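Here are the chains, one letter per residue:
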Amino acid sequence: MNTPPKAELHVHIEGTLEPEMVFALARRNDIALPHESVADLRAKYEFADLQSFLDIYYANMAVLRTAADFRDLAAAYLDRCAAHGVRHAEIFFDPQAHLKRGVAMETVIGGLCAALDDSEVSASLILCFLRDESAESAAEALRLAEPFLDRIVGVGLDSAEVGHPPSKFTEVFRRAHELGLRAVAHAGEEGPPEYVREALDLLGVQRIDHGIRALEDPELVERLRREQIPLTVCPLSNVRLGAFAELGHHTLPRLLEHGLLVTVNSDDPAYFGGYADENFDAVRRELGLTPEQLRTLAANSFRASFLDEDGKAAFL
Ligand code: ES4
Ligand code: ZN
């Protein structure tokens, strides 16, 4: 497979939990599963929309209990990175989903960092707030993460988008900026272009995760182009969650033609049919991207990263 060096900027570590690992960790932790087999679980990965995916994504996380579980999860992902030409990864994690099951912040971050410290791949963590939980819960998660801030590059915003606008989280993002963290947010995945504007203006984010619905708003597109705000697009995810009926209908080429700083990412690869290279291969095949456009996408992934200028120069 053609594997150009690239960075991955939009991957949820809990979304790399493969069905085989769900079963292995359930056995290790003596947890009963409501699935007959790995094949039975995988057969349930037919999603109508974001919420129908999130329901099973959160349910499967129940098997993640110990630091070793989080370490093994991240180690498996980083092994895949090496095989897919991913040289640098900025990895989302969802601490509130673990805290509410009684798993401590230290267990989550300690486990993930054990894998990061042991990997050849350059990697950092982005703490995501769950937008369908309260703003107070987000603030509490950030407080609990303060002892570990040297291990976290930024904060993000994910989970069910519609009805949970960025404006709900203005204060906790202000606190994150005070703590010296970078910021990103999912916006314009299922939600309207207005949520993209709010993420930029109220949360001060440096990248937009997805952002595909920005195309409905020409003024917003012009702003994203002028300010070169990166969009971390996830092609296979968008198809599996119903934003596009098939990959051939994806608007990635239009985003590129508008001069936007677009990157290609895997989102939740255990659920959506592939890791970095499957996403790159799929857009190459189904969207007829030119070799130059594919090189642009790979270079954009480093330009849009939170690496410092020396770090970017080393990869570009
Ligand atoms: C997610 Cl695809 C997607 N969108 C929003 N939140 C998420 N969390 C995990 N995957
Ligand atoms: Zn995502």
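Residues numbered from 1 in each chain as written. Chains lettered and ligands numbered in written order. Predicted model: local features only at pLDDT ≥ 70, side-chain atom pairs only at ≥ 80, totals over all residues.

The protein is annotated in an unreviewed UniProt entry as Adenine deaminase from Saccharopolyspora gloriosae. In its Sequence similarities (unreviewed entry) section, UniProt records this for the protein: "Belongs to the metallo-dependent hydrolases superfamily. Adenosine and AMP deaminases family. Adenine deaminase type 2 subfamily." According to the UniProt record, the Catalytic activity (unreviewed entry) comment for the protein is "adenine + H2O + H(+) = hypoxanthine + NH4(+)". (UniProt positions renumbered as here; feature names shortened; annotations may be inferred.)

Undergrad: Please clarify how the site of ligand 1 should be interpreted in this entry.
TA: Taken together, the residues surrounding ligand 1 are His12, Gly15, Leu50, Tyr57, Asp158, Ser159, His186, Glu189, Ser237, Asp267 and Asp268. In terms of residue class, the shell around ligand 1 is built from two nonpolar, five polar and four charged. (Near = placed C-beta within 6 Å. Nonpolar A, V, L, I, M, F, W, Y, C, P; charged D, E, K, R; others polar.)

Undergrad: Could you clarify how one ought to interpret the environment of isoleucine 109 in this entry?
TA: Assignment of secondary structure puts isoleucine 109 in helix H6 (residues 105-117). Every residue in contact with isoleucine 109, bar those within four places of it in the chain, is listed here: Phe148 and Arg151. (Helix = DSSP H or I, 4+ residues; strand = E, 2+ residues; numbered from the N terminus. Contact = placed C-beta atoms within 7 Å.)

Undergrad: Before we go on, may I ask you to explain the nonpolar core in this structure?
TA: One broad trend across soluble globular proteins is that nonpolar side chains are buried collectively. Among the nonpolar cores identified, the biggest contains 93 residues, and Ile13, Ala74, Ile91, Phe93, Leu112, Phe129 and Ala199 are the most heavily contacted of them. The element best represented in this core is strand S3 (residues 122-130), accounting for seven residues. Those residues within four positions of alanine 199 in sequence are excluded, and the remaining contacts are Pro166, Ala185, Ala187, Val205 and Ile208. (Core = buried A, V, L, I, M, F, W, Y, C linked by C-beta atoms within 7 Å. Buried ≥ 20, exposed ≤ 12 C-beta atoms within 10 Å, placed from the backbone.)

Undergrad: Quick question: what am I supposed to make of the UniProt feature "active site" (unreviewed entry) in the protein here?
TA: Following the UniProt record, the feature "active site" (unreviewed entry) maps to Glu189 here. If you trace the backbone, glutamate 189 turns up in the loop between strand S5 (182-187) and helix H9 (193-201). Residue glutamate 189 is classed as buried on the basis of its 24 C-beta neighbours within 10 Å. Beyond its immediate chain neighbours, meaning those up to four positions away, glutamate 189 contacts Leu50, Glu161, His210 and Ile212.

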